[in-house]
Amino acid sequence: MYVLLARNAGFCAGVRKAVKIAEEAAEEPDKWFSLGPLVHNDEVVNYFRQKGIEPVDMLERIGEQPAGIIIRSHGTSPEVIKQAQELGLEVRDATCVLVKKIHEIVTRLRGEDYDIVVFGDARHPEVEGILGWCGQRASVVASADEVGYLPVMPKVALISQTTRDEKEFQKVAGALSNKCRELKVFNTICSATRSRQEAARELCRKVDLMLVIGDLKSSNTRTLSKECQNTGVRTFQIQKASEIKPEWLDGVSKIGITAGASTPDWIIKEVLDRMTLYEEEKMLDENQETNQET
Ligand code: F3S
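Residues numbered from 1 in each chain as written. Predicted model: local features only at pLDDT ≥ 70, side-chain atom pairs only at ≥ 80, totals over all residues.

Chemist: How should the nonpolar core be read in this particular structure?
Modeler: When a protein is soluble and globular, its nonpolar side chains tend to lie buried together. The biggest cluster of nonpolar side chains holds 54 residues, and the ones touching the most others in it are Ala22, Ile70, Ile116 and Val118. When we break this core down by domain, the ones giving at least three residues each are domain 2 (13–94) and domain 3 (98–189). Once residues lying within four places of it in the same chain are set aside, the contact partners of Ile116 are Val106, Leu109, Cys134, Arg137, Ala138, Ala157 and Ile159. By size, the runner-up hydrophobic cluster in this structure holds 20 residues, among which are Val207, Val212, Ile238 and Ile257. (Core = buried A, V, L, I, M, F, W, Y, C linked by C-beta atoms within 7 Å. Buried ≥ 20, exposed ≤ 12 C-beta atoms within 10 Å, placed from the backbone. Domains from an automatic or database assignment. Contact = placed C-beta atoms within 7 Å.)

Following this line, the structure appears as structure tokens:
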């Protein structure tokens, strides 16, 4: 059995930056919190919890103590940063530069009187943060079909959550062009997301089965999984090695492995090790069967 790892898989630059900031904060005497889980991966969040960094969903939960807050790579709204400063918290901003770029784009467009349409998941923290920079005139659509519910607007600017599917983004842009006189399109899907999707699709052409490693809450991992399924290759999304079911591998000769941008290297390694172990167990079983026959 061959096991092939996608050429782009695992932590992206934005997540690496957030992890580095958290590692440094964990060394300090003051108590540090992250606003929401640092990354969408429970294993990473638990690792930092053990080092003293607690995720909180609301700043008020921090209470009266000298403390700091880490803004994760998804970013947040300007109101939340202001609130943290008013509460006397030290703020370390781990917002990914590519998400920051979106904040800059929408801030400028807001001043130019555009209605802003965000392609993404309205409940995702990145999108919630972006909306905070957009002002009042912003809507979120999760698909091209949802564009049908929007009113006709004179000037529209379209941006995307960084981890969305490229093809659907183009469909949304097409549908929006019938809803306005002027449309500006900013493809803000990040290159790490794009390169992981391209590498996964390429790998799907060479294998019988794909394993996509990443937390179920991770938007980019779910998109990656969907992209692999769309190629027609049997695909399973797993969060860790222990979730692999041996029966998935029956009759499979080539397995492809990829991982979302919030999946740490140590989980990818565990999965690769599990594959090796499975192969050794299989060979052992086959040898025993042969010995019994002779
Ligand atoms: Fe940034 Fe893209 Fe990662 S937006 S956090 S580099 S998935």
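Chemist: How should I be thinking about the environment of Thr188 in this particular structure?
Modeler: Considering the arrangement of structural elements, one finds Thr188 in the loop between β9 (180–185) and α7 (191–204). The exposure class assigned to Thr188 is buried, which follows from the 22 C-beta atoms found within 10 Å. Each C-alpha atom of the pair Thr188 and Lys101 lies 8.6 Å from the other, and the pair is 87 residues apart in sequence. (Helix = DSSP H or I, 4+ residues; strand = E, 2+ residues; numbered from the N terminus.)

Chemist: Which parts of the structure should I look at to understand the environment of Ile159?
Modeler: Among the structural elements, Ile159 can be located in strand β8 (residues 153–160). Along the sequence, Ile159 and Val106 sit 53 residues apart, while their C-alpha atoms lie 8.4 Å from each other. Discounting chain neighbours no more than four positions away, the residues touching Ile159 are Ile102, Ile105, Val106, Ile116, Val118, Phe186 and Thr188.

Chemist: Just to check I follow, could you spell out the packing of helix α4 (residues 97–111) against helix α5 (residues 125–134) for this structure?
Modeler: Helix packing for two helices is described by the angle between their axes and how far apart those axes are. Two elements in contact, α4 and α5, have axes separated by 8 Å at closest approach and are oriented at 30°. With respect to each other, α4 and α5 are oriented roughly parallel. As α4 packs across α5, the resulting crossing turns out to be right-handed. On the side of α4, the interface is formed by Val99, Ile102, His103, Val106, Thr107 and Arg110, while α5 contributes Glu126, Ile130, Trp133 and Cys134. The residue inventory of the contact of α4 with α5, partitioned by class, reads six nonpolar, two polar and two charged. (Axes fitted to C-alpha atoms, helices over the stretch in contact; angles between N-to-C directions. Parallel < 35°, antiparallel > 145°, perpendicular 65-115°, else oblique. Left-handed = near helix turned anticlockwise from the far one by under 90°. Nonpolar A, V, L, I, M, F, W, Y, C, P; charged D, E, K, R; others polar.)

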